[in-house]
Amino acid sequence: MTKPTSGGFTKTPGWLDWYTGPSKPTFKLPEGAVDAHCHVFGPGAEFPYAPERKYTPCDASKQQLYALRDHLGFDKNVVVQATCNGADNRAMVDALLNSNGKARGVATVKRSVTDHELQEMHAAGVRGVRFNFVKRLVDFTPKDELIEIANRIKPLGWHVVIYFEAVDLPELWDFFTALPTTVVVDHMGRPDVTKPVDGPEFELFVKFMREHPNVWSKVTCPERLSVAGPKALDGEQNAYRDVVPFAKRIVDTFPDRVLWGTDWPHPNLKDHMPDDGLLVDFIPHIATTPELQKKLLVDNPTRLYWS
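Because the structure is a prediction, the values reported are computed rather than measured.

Q: Sorry if this is basic, but what is going on with the overall build of the protein here?
A: Counting secondary structure elements, the protein contains eleven helices and eight strands. For 307 residues, the compact-globule estimate of 2.2 N^0.38 gives 19 Å, and the C-alpha radius of gyration of the protein, at 18 Å, lies within 12% of that figure. For the protein, the proportion of its 307 residues judged to be buried stands at 59%. Pairs at least 24 residues apart make up 77% of the contacts formed inside the protein by residues separated by at least 6 positions. Put simply, the protein shows about 12,500 Å² of open surface, and 53% of that area lies on carbon and sulfur atoms.

Okay, here's the thing in structure tokens:
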């Protein structure tokens, strides 16, 4: 049965709904683990989707997100503003306010945001803003506006999350390295995993992190990056093997600057919708010791979002 899109909105044709009845992970998460990248969608009837959105999803509520958190064994969440809600952060903030202190947020803001609005979001638990450079998802925002926003959030102790594709890193390098805050890269900058892990494209990303200690990376979304699979479905315990060398290299090289999250409810997937329990079972393949797992899942997100 397909999941609804409420509020009179029509779901994007071919939209893949999030997975019903995820398995229980085989991997036991360490105590205090944080799902450091997830979203809520609407629900549309309560929090209408943005007029400028590039997609219309099925609804995915805070109650459904937190039920998944408990089922998988996470303690907390970082709720990242989804592009379908534009710069209207009400759905994300509502999720934080109803989390009993177990969620922090990443907002999308425009130059017109007031200091009072920023303070209100901070009080609700927002700790960062997201800048999206994936051209098929959002319209381009001028870089001078983004720098202005970054300078305004810096006194709050917030960070900037950047979403881009590996091929675009050279042209974005100067802008990213000018940002005055901690910078968190979504999904390792979306590397092409058919290329060598020690090839020039991924080496540039490693150099980016090595030369700039304010840069962190989420080693997330193997389901988006994988070409050869296998998929996190039907009990598969070795899913997305082609992504493992890339994520493992980042975790091994920068153990104190990595984060992990489910990306639930997985916006804009085209190929398949993963079982979130099996996604959690991907973690020990990229963080191979209890020490690395605790840094990735507990220490790093706690330091960034709750300290």
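The rest of the description comes next.
Q: Could you clarify how one ought to interpret helix H5 (residues 169-178) in this entry?
A: Residues spaced three or four apart along an α-helix face the same direction, because each turn holds 3.6 residues. Of the positions making up H5, those classed as buried are Leu169, Leu172, Trp173, Phe175 and Phe176. Elements in contact with the buried residues of H5: strand E4 (126-132), helix H4 (143-153), strand E5 (159-163), strand E6 (183-185) and helix H6 (200-211).

Q: Would you explain the pattern of salt bridges in this entry?
A: Note on pairing: side chains with opposite charge can pair once their charged atoms come close. Overall, the coordinates contain 20 salt bridges when judged by the stated rule. The residue glutamate 165 makes a salt bridge to arginine 190 at a minimum N-O spacing of 3.5 Å. A residue pair is termed long-range when its members are at least 10 positions apart, and glutamate 165 in the loop between E5 and H5 and arginine 190 in the loop between E6 and H6 qualify at 25 residues. Judged by relative accessible area, which is 22%, glutamate 165 ranks as partly exposed. When salt bridges that share partners are traced, they join Asp75, Lys76 and Lys102 into one network.

Q: Would you explain the environment of leucine 297 in this entry?
A: Structurally, the position occupied by leucine 297 is in helix H11 (residues 290-305). Note on leucine 297: relative accessible area 0%, which makes it buried. For the pair formed by leucine 297 and valine 258, sequence separation is 39 residues and the distance between their alpha carbons is 8.7 Å. In contact with leucine 297, not counting residues within four places along its chain, are Phe27, Leu29, Pro30, Gly32, Ala33, Val34, Phe74, Trp260 and Ile283.

Q: Which parts of the structure should I look at to understand the state of the cysteines?
A: Each disulfide is one covalent bond, formed between the sulfur atoms of two cysteines. Counting across every chain of the model gives zero disulfides. Cysteine cysteine 84 is unpaired, with the sulfur of cysteine 58 as its nearest cysteine sulfur at 9.7 Å. Cysteine cysteine 221 shares no disulfide, and the gap to the nearest cysteine sulfur, in cysteine 38, comes to 11 Å.

Q: For this particular structure, what's the right way to read the packing of aromatic side chains?
A: One pair of aromatic rings is described through two measures. These are the centre distance and the angle between the planes. All told, the structure shown has 17 aromatic pairs when counted by the stated rule. Aromatic pair phenylalanine 74 and tryptophan 260: ring centres 6.2 Å apart, planes at 10°, arrangement stacked. A residue pair is termed long-range when its members are at least 10 positions apart, and phenylalanine 74 in the loop between helix H1 (62-72) and strand E2 (76-80) and tryptophan 260 in the loop between strand E8 (258-259) and helix H9 (276-280) qualify at 186 residues. A relative accessible area of 5% places phenylalanine 74 in the buried class. Exposure remark for tryptophan 260: the relative accessible area of 1% places this residue in the buried category. When the centroid spacing of 6.5 Å and the interplanar angle of 65° are considered together, the rings of tyrosine 240 and phenylalanine 282 count as edge-to-face. Within this pair, whereas tyrosine 240 is found in the loop between helix H7 (222-225) and helix H8 (244-253), its partner phenylalanine 282 is found in the loop between H9 and helix H10 (283-286), the two being separated by 42 residues in sequence. In this pair, the class of tyrosine 240 matches that of phenylalanine 282, namely buried.

Q: Would you take a moment to explain the pairing of E2 for this structure?
A: For a regular strand, side chains alternate in direction, first toward one face of the sheet and then toward the other. Where burial is concerned, most of E2 is hidden: five out of the five residues are buried. Of the two faces of E2, the one holding Lys76, Val78 and Val80 and the one holding Asn77 and Val79 are both buried throughout. Crossover connection from strand E1 (residues 34-38) via H1 to parallel E2: handedness right-handed. Bridge count for E2 against strand E3 (residues 103-107) is four bridges, and the pairing is parallel. Residue pairing in the sheet places valine 80 in a bridge with valine 106 of E3. Taking the sense of rotation as the criterion, the β-α-β connection linking E2, helix H2 (residues 90-97) and E3 turns out right-handed.

Cut-offs applied
Residues numbered from 1 in each chain as written. Predicted model: local features only at pLDDT ≥ 70, side-chain atom pairs only at ≥ 80, totals over all residues. Heavy atoms only, no water. Helix = DSSP H or I, 4+ residues; strand = E, 2+ residues; numbered from the N terminus. Rg over C-alpha atoms; globule rule 2.2 N^0.38 Å. Buried < 20%, exposed > 50% of the residue type's maximum accessible area, 1.4 Å probe, protein only. Contact = heavy atoms within 4.5 Å. Areas by Shrake-Rupley, 256 points an atom, 1.4 Å probe, with all protein chains shown as cover. Salt bridge = Lys/Arg side-chain N within 4 Å of Asp/Glu carboxyl O. Disulfide = S-S within 2.5 Å. Phe/Tyr/Trp six-rings, centres within 6.5 Å; stacked < 30°, edge-to-face > 60°. Right-handed = clockwise from strand over helix to strand, strands pointing away. Pairing = 2+ DSSP bridges.

The values reported here are purely geometric and, on their own, carry no functional implication.
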